[in-house]
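# Summary of the model geometry
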Amino acid sequence: MKKIELEIVALSHSITQTHSYAVVLGEMNGLRRLPIVIGGFEAQAIAVALEHMQPSRPLTHDLMKNFMNAFGVELQEIIISDLQEGIFYSKLVCFTENDTVEIDSRTSDALALAVRFGCPVYTYEHILENAGILMEDGGEKKIKNEDRESEGVSIEETGRERLSSMNLEELQALLNNVLEQEDYIRAISIRDEINKRK
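Attention here is on the structure that accompanies the text.

Criteria and thresholds
Residues numbered from 1 in each chain as written. Predicted model: local features only at pLDDT ≥ 70, side-chain atom pairs only at ≥ 80, totals over all residues. Heavy atoms only, no water. Helix = DSSP H or I, 4+ residues; strand = E, 2+ residues; numbered from the N terminus. Buried < 20%, exposed > 50% of the residue type's maximum accessible area, 1.4 Å probe, protein only. Contact = heavy atoms within 4.5 Å. Areas by Shrake-Rupley, 256 points an atom, 1.4 Å probe, with all protein chains shown as cover. Axes fitted to C-alpha atoms, helices over the stretch in contact; angles between N-to-C directions. Parallel < 35°, antiparallel > 145°, perpendicular 65-115°, else oblique. Left-handed = near helix turned anticlockwise from the far one by under 90°. Nonpolar A, V, L, I, M, F, W, Y, C, P; charged D, E, K, R; others polar. Pairing = 2+ DSSP bridges. Core = buried A, V, L, I, M, F, W, Y, C linked by side-chain atoms within 4.5 Å.

## Thoughts on the overall build of the protein
Across its full length, the protein carries 7 helices and 9 strands. Across the 198 residues that make up the protein, the buried fraction comes to 42%. Within the protein, contacts between residues separated by at least 24 positions form 53% of all contacts whose residues are at least 6 apart in sequence. Accessible surface, the protein: about 11,300 Å² in total, of which carbon and sulfur atoms supply 49%.

Here you go:
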């Protein structure tokens, strides 16, 4: 089967599931998007790597990368290989100088590692066809599969209106507060709002 390369285009709160997030993958040189609902910790792990933040201690995925590097294992690519009953299945394609191995992984963990290793993310046509969203001209979205769990995912950050009503001093205080709580996803949106004002 032909692999289709994807890139992370957004990370946002999920409208349909409380305390969940969605990572939105976009088809390289294409208009289709693949939203995947993930948990808060996994979203934080992806956000930390995307924003090149340096936590005071290694997070689990940083530890995994350090472990793989220490033993000469390189992450070559990840493949979102299957979709069953609304659940995405992924594989880590790892290699050493002697062998190439595919390892089963949760998609959220695979994406967190892919960002850290800078490796490509792939999927197959049937997955994009069943679970993808087509972004038409003008930014309109057309949902390809109406009955899947990730329907209704918002690509826009939530709470942006509230941030825009705050002054710089309030934003800076809020940023310091969420950084102390290690809520890196909220910190990104607050930092972006601060940067817009400068």
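## Things to note about the packing of helix H2 (residues 60-70) against helix H3 (residues 107-117)
Running from amino to carboxyl end, H2 crosses H3 at an angle of 60°, the nearest separation of the two axes being 10 Å. Here H2 is positioned oblique relative to H3, judged by the angle of their axes. The two elements H2 and H3 cross, and the hand of that crossing is right-handed. Residues His-61, Asp-62, Met-64, Lys-65, Met-68 and Asn-69 of H2 pack against Asp-109, Ala-112, Leu-113, Arg-116 and Phe-117 of H3. When its residues are assigned to classes, the contact of H2 with H3 shows 5 nonpolar, 2 polar and 4 charged.

## Considerations on helix H1 (residues 40-50)
Of all 11 residues in H1, 8 are buried, a share of seventy percent or more. Inspection of H1 places Glu-42, Ala-43, Gln-44, Ala-45, Ile-46, Ala-47, Val-48 and Ala-49 among the buried residues, and these make up the whole buried set. In the stretch just after H1, His-52 is the one whose phi turns positive, near 55°.

## Describing the pairing of strand E7 (residues 121-124)
Alternating residues of E7 divide into Val-121 and Thr-123 and Tyr-122 and Tyr-124, and every residue in both groups is buried. Of the pairings in the sheet, the one linking strand E4 (residues 74-84) to E7 comprises 3 bridges and is parallel in character. Along E7, the bridge assignment pairs Ile-80 with Thr-123.

## Brief notes about the nonpolar core
Counting 31 residues, the largest nonpolar core has Leu-25, Leu-34, Ile-36, Ile-38, Leu-75, Ile-78 and Ile-80 as its most contacted members. Counting residues per element, this core draws most heavily on H3, which supplies 6 residues. Once residues lying within four places of it in the same chain are set aside, the contact partners of Ile-38 are Leu-11, Ser-20, Tyr-21, Val-23, Ala-43, Ile-46 and Ser-108. In terms of nonpolar packing, the next biggest core, distinct from the first, is built from 9 residues, Leu-163, Leu-171, Leu-174 and Ala-187 among them.

## Some details on unusual backbone geometry
Backbone geometry at His-52 places phi at a positive 55°, although glycine is not the residue there. Looking at the secondary structure, you find His-52 in the loop between H1 and H2. His-52 gets classed as exposed once you look at its relative accessible area, which sits at 66%. Located in the positive-phi region is Glu-85, a residue other than glycine, with phi close to 50°.

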